[in-house]
Amino acid sequence: TAQDASLKKVFAKDFGIGTAMSAGQIEEKDPKANALIQKHFNMATPENIMKAEIIHPQWDVYNFDLADKMVAYGKKNKIKINGHTLIWHSQLPAFARNIKSVDSFRTFFTNHINTVASRYDGKIFSWDVVNEALNEDGTMRKSIFLNRLGDDFVTEAFRLAAKASPKAELYYNDYNNEQPAKRAGCITLIKKIQDAGVRIDGVGIQGHWHVGKVPFKEIEESIVQYGAMGLKVMFTELDIEVLPRSFQGADVNQRVASNPALNPYKDGLPDSVQQQLASDYETLFKLFLKYKDKVTRVTFWGVNDGQSWLNDWPVRGRTNYPLLFDREFNPKPAFYKVIGTKK
Ligand code: G3I
C-alpha cells in the first residue's frame, strides 16, 4: 500500500533519494528518525558535522569523530554519503576567519581540502566541494576566500579535491542557481573549471523553495542547461516552506513567542496550504522524472517537519511544514503525491 511505500524503492530506477542527517541521527539517538532514514533513503548529507567549523576547529586540530560515524552508518545501511562541504564562507572556524596573510590563508585552504578529502576518499560517494560562492546577480560573492585568494579559488578547490579524493564525485552547490542571472554566473564559473581541465562532476541546486511559488519553469530550464554541460544535476537541500519569508520589524533573534503573528500555523496547517504543498511536490517530482537521465539525486533537507532548519529561520521558534513527514514522523499528503508520480 502507499502507506508502506519506500521512497528509495519507488525511485530506485530513476535517481537517488537523500536526506540531511543531524548529529543525533548520525549517532543513532533518534529511533523514529533513524527508522525512517533506513526505510526511505539511499543517500545522505550531514547537515552540519562536516563543515569546517566542526571538522577543523583549530589550525592543527581535526575532529573526525562524527564524520567517521556517518561513514559507518552509511556503510551499515547502504546509504551513500555526500560530504558537505569543503569550502564555504559560512560556519568557518574562528581561527580561519582571522587569518590575515594570503600565504597563511592559502595554507589553511590547501591543508583543509587535502586532509579532509583524502581521509574519506573511497569512503564517501561525493563532495560539495564549493558551496554558495555566487551572488544573486551571478557575480562572485564577497568572502574571505575571494578576498584572500581571488576568484580562482573555486577552480583551485576542485583541483585540490580531485587530487585528494580521486574516487569521489565533485560538485558545485548553491541556492537560487536555477534563477536566470545566478544560473548564468554558475555556468560561467563551472565552464572556467572545465576549461582549466579540472574535474567537476555535477551541480547541486539546493531547492529551498516557497509553497505556491516554486519556479518550475526555471528549474526545467536549469536541468536542460546544466545537463548540456555534461553535468549531473542534483536537488541537494530540498524543502518547500509555507511561512512568509520576511517579517517587518522582526530580527533573526526575535523569539516568535513574543509575537504570535510571526507564527501563523502554530496549531496546524490549513488544508488549502497542505494541498498546495502536496501539489508543488507532485509537479516537482514529475519534472525530475521527465529528466531522470540528467537528475541523479534528490535530497531533502531534513527528515521531518519538526527537525527542519526552517523552524529557526529567519526567526527562531516557528512552526514550519516544509518536508514529506510530519512531526510525528507520519507521511503527509505531499508524500502520497510524490509516490503517486510513479503510477
Ligand atoms: O550545535 C549547536 C548547539 O551546541 C548550540 O547550543 C546551538 C545554539 O544556537 O547551536 C547549535 O548549532 C546550530 C547548528 O545549526 C546545529 O543545530 C547553529 O546555531 C545553527 O546556525 C546551525 O544552522 C545550520 C545552518 O546551515 C548554518 O548556516 C542549519 O542546521 C543547517 O540546516 C543549515 O544548512 C544550510 C546548508 O549547509 C547550506 N545551504 C543552506 C542551508 C540552510 O541554511
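For clarity, every value in this text was computed on a predicted model and none was experimentally measured. (Residues numbered from 1 in each chain as written. Predicted model: local features only at pLDDT ≥ 70, side-chain atom pairs only at ≥ 80, totals over all residues.)

## Some details on the overall build of the chain
The criterion, for reference: Put simply, DSSP H or I for four residues or longer makes a helix, DSSP E for two residues or longer makes a strand, and each gets a number counted from the N terminus. Radius of gyration: C-alpha atoms only; globule rule: 2.2 Å multiplied by the number of residues to the exponent 0.38. Counts of 20 or more other C-beta atoms within 10 Å of a residue's own C-beta define buried residues, counts of 12 or fewer define exposed ones, and intermediate counts define partly exposed ones; C-beta atoms are placed from the backbone. Throughout, a pair of residues is in contact if the C-beta atoms placed from their backbones lie within 7 Å.
Summing up its helical and strand segments, the chain has 13 helices and 9 strands in all. In summary, the chain has a C-alpha radius of gyration of 20 Å against a globular reference of 20 Å for 343 residues, a match within 12%. Along the three orthogonal principal directions, the C-alpha set of the chain runs to about 55 × 50 × 40 Å. The buried share of the chain, reckoned over its 343 residues, is 45%. Contacts spanning at least 24 positions in sequence make up 77% of the contacts within the chain whose residues lie at least 6 apart.

## Describing helix H13 (residues 333–340)
Of the residues making up H13, those classed as buried are Ala334, Phe335, Lys337, Val338 and Ile339. Residues of H13 that are buried make contact with helix H1 (7–10) and helix H12 (271–290).

## Describing the site of the ligand
Short version of the rule: Near, as applied to residues and a molecule or strand, means the residue's backbone-placed C-beta atom lies within 6 Å of it. The residue classification treats Ala, Val, Leu, Ile, Met, Phe, Trp, Tyr, Cys and Pro as nonpolar and Asp, Glu, Lys and Arg as charged. All others, Gly included, are polar.
Taken together, the neighbourhood of the ligand is formed by Glu47, Asn48, Ser90, Gln91, Asn131, Gln206, Glu237 and Trp309. Taken together, the residues that form the shell around the ligand break down as 1 nonpolar, 5 polar and 2 charged.

## Looking at the confidence of the model for the chain
Note: predicted coordinates in regions of low pLDDT should not be interpreted at a detailed level. What counts is decided by this rule: As a per-residue measure, pLDDT reflects the predictor's confidence and takes values from 0 up to 100.
Looking at the chain, the pLDDT average stands at 95 and 96% of residues meet or exceed 70. Model confidence for the complex is summarised by a pTM of 0.97, with the ipTM given as 0.94.

## Details of the UniProt feature "active site" (unreviewed entry) in the chain
What counts is decided by this rule: UniProt positions are given in the numbering used here, feature names are shortened, and annotations may be inferred rather than shown by experiment.
Within this structure's numbering, the places UniProt gives as "active site" (unreviewed entry) are Glu237. Within the secondary structure layout, glutamate 237 lies in strand S8 (residues 232–241). Not counting residues up to four positions away in its chain, the partners in contact with glutamate 237 are Ala20, Gln206, Gly207, His208, Thr299 and Trp301.

## Some remarks on the packing of helix H9 (residues 153–164) against helix H10 (residues 180–195)
Basically, it comes down to this: In this description, a line fitted to the C-alpha atoms serves as the axis of each element, helices being fitted only across the stretch in contact, and the angle between N-to-C directions of two axes falls anywhere from 0 to 180 degrees. These descriptions rest on fixed angle ranges, namely under 35 degrees for roughly parallel, over 145 for roughly antiparallel, 65 to 115 for roughly perpendicular, and the rest for oblique. Crossings are sorted by hand: turned counterclockwise from the far helix by less than a right angle, the near helix makes the crossing left-handed, and turned clockwise it makes it right-handed.
Where H9 contacts H10, the axes come no closer than 9 Å and their chain directions differ by 50°. Between H9 and H10, the interaxial angle falls into the category oblique. When the axes of H9 and H10 are compared, the crossing they make is right-handed. From H9, Val154, Thr155 and Phe158 reach across to H10, where they touch Leu189, Lys192 and Ile193.

## A closer look at the environment of threonine 188
Relative to the helices and strands, threonine 188 is located in helix H10. Classification of threonine 188 by C-beta neighbours within 10 Å gives partly exposed; the count is 13. Along the primary structure threonine 188 and proline 57 are separated by 131 residues, whereas in three dimensions their C-alpha atoms are 33 Å apart.

## What about the nonpolar core?
Keep this limit in mind: In this usage, the nonpolar core is the set of buried Ala, Val, Leu, Ile, Met, Phe, Trp, Tyr and Cys residues whose C-beta atoms join them within 7 Å.
In this structure, Val129, Ala157 and Ala161 are the most contacted members of the largest nonpolar core, which totals 93 residues. The dominant element in this core, judged by the number of residues it contributes, is H9, at 8 residues. The contact partners of valine 129, leaving out residues within four places of it in the chain, are Leu86, Ile87, Ala157, Phe158, Ala161, Leu170, Tyr171 and Tyr172.

## Re H9
Short version of the rule: To estimate how far a helix should extend, the number of its residues minus one is multiplied by 1.5 Å.
With 12 residues, H9 extends 16 Å between its outermost C-alpha atoms, agreeing within 8% with the 16 Å of an ideal straight helix rising 1.5 Å per residue. Of all 12 residues in H9, 10 are buried, a share of seventy percent or more. Close packing links the buried residues of H9 with strand S3 (80–87), helix H7 (102–119), strand S4 (126–131), helix H8 (144–149), strand S5 (169–174) and H10.

## Section: the pairing of strand S6 (residues 202–205)
Stated formally: Two strands pair under a simple rule: DSSP has to find at least two bridges between them. By convention, orient the strands away from the viewer: a clockwise path from the first strand over the helix to the second makes the crossover right-handed.
On S6, burial covers both faces: Gly202 and Gly204 on one face and Val203 and Ile205 on the other are all buried. Pairing between S5 and S6: 4 bridges, direction parallel. The residue of S6 that forms the bridge with tyrosine 172 is valine 203. With H10 bridging S5 and its parallel neighbour S6, the resulting β-α-β unit is right-handed.

## Overview of the environment of phenylalanine 105
Structurally, phenylalanine 105 can be placed in helix H7. Along the chain, phenylalanine 105 and leucine 149 lie 44 residues apart, while their C-alpha atoms are 8.0 Å from each other. Residue contacts for phenylalanine 105: discarding those within four places in its chain leaves Ile99, Arg148 and Leu149.

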